Amino acid sequence: QVQLVESGGGLVQPGGSLRLSCSATGDINSIVNVGWYRQAPGKELEVVAVISRVRETMYKDSLKGRVTISRDNSGNTVWLQINKLEPEDTAVYSCTANMNFWGQGTQVTVSS
């Protein structure tokens, strides 16, 4: 079992930045990859970025250049840096381990 807790969301003005954190506990060694997903009101869940155990990364095409996913050496924490935030980035951001375990999500609201 893996438990995930996200943090770092909040209200930010357009053009601002946020760094979201995903902290993992439990069977850390079973985690092959960690992904950040988001779901905006009335829209489907979509992938933002994924990082593997060996730090291979994948990004949603439309977010490349604005988003960076990274992890610490222990594998306990994965971060998602989002720059130049736009109102369209408003969503609940959730992290997942192996697509099997999910955190509760953190709200990101981009508004002036």
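Before reading on, note that the structure itself is shown above.
The notes below deal with the structure included here.

What counts as what
Residues numbered from 1 in each chain as written. Predicted model: local features only at pLDDT ≥ 70, side-chain atom pairs only at ≥ 80, totals over all residues. Heavy atoms only, no water. Salt bridge = Lys/Arg side-chain N within 4 Å of Asp/Glu carboxyl O. Helix = DSSP H or I, 4+ residues; strand = E, 2+ residues; numbered from the N terminus. Buried < 20%, exposed > 50% of the residue type's maximum accessible area, 1.4 Å probe, protein only. Core = buried A, V, L, I, M, F, W, Y, C linked by side-chain atoms within 4.5 Å. Pairing = 2+ DSSP bridges. Disulfide = S-S within 2.5 Å.

1. Notes on the pattern of salt bridges
Once the charged atoms of two side chains with opposite charge are near each other, the side chains can pair.
Turning to step 1, where the next piece is worked out: Under the defined criterion, the tally for this structure stands at 6 salt bridges.
Turning to step 2, where the next piece is worked out: For the salt bridge of Arg 38 with Asp 89, the shortest nitrogen-to-oxygen distance reads 2.9 Å. One end of the pair, Arg 38, is in strand β4 (residues 33-39); the other, Asp 89, is in the loop between β8 (77-82) and β9 (91-97), and 51 residues separate them in sequence. The residues Arg 38 and Asp 89 share a single accessibility class, namely buried.
Turning to step 3, where the next piece is worked out: Of the charged contacts in the structure, one is a salt bridge between Glu 46 and Lys 60, with a shortest N-O distance of 3.3 Å. You can see Glu 46 sitting in strand β5 (residues 46-52) and its partner Lys 60 sitting in the loop between β6 (57-59) and β7 (67-71), a full 14 residues away along the chain.
Turning to step 4, where the next piece is worked out: In the salt-bridge network here, residues are joined through shared partners; they are Arg 38, Glu 46, Lys 60, Arg 66, Glu 86 and Asp 89.

2. Here we look at the nonpolar core
Turning to step 1, where the next piece is worked out: Ranked by internal contacts, the top residues of the largest apolar core, which has 29 residues, are Trp 36, Val 48, Val 67, Ile 69, Leu 80 and Tyr 93.
Turning to step 2, where the next piece is worked out: Every element with two or more residues in this core is listed here: β1 (2-7), β3 (18-26), β4, β5, β7, β8, β9 and β11 (106-110).

3. Observations concerning the pairing of β5
Turning to step 1, where the next piece is worked out: Taken across its 7 residues, β5 has 5 buried, putting it largely inside the fold.
Turning to step 2, where the next piece is worked out: Of the pairings in the sheet, the one linking β4 to β5 comprises 6 bridges and is antiparallel in character. Following the sheet pairing, Tyr 37 is matched in β5 by Val 47.
Turning to step 3, where the next piece is worked out: Hairpin connection of β4 to β5: 6 residues between the antiparallel strands, including Gly 42 at a positive phi of 80 degrees.
Turning to step 4, where the next piece is worked out: The pairing of β5 with β6 spans 3 bridges and is antiparallel.

4. Examining the state of the cysteines
Turning to step 1, where the next piece is worked out: Taken as a whole and judged by the stated rule, the model has 1 disulfide.
Turning to step 2, where the next piece is worked out: Note on cysteine connectivity: Cys 22 is disulfide-linked to Cys 95, with sulfurs 2.1 Å apart. Around the S-S axis, the bridge from Cys 22 to Cys 95 shows a dihedral of about 75 degrees and counts as right-handed. With Cys 22 in strand β3 and Cys 95 in strand β9, this residue pair connects regions lying 73 residues apart in the sequence. There is no split in this pair, since Cys 22 and Cys 95 are both buried.

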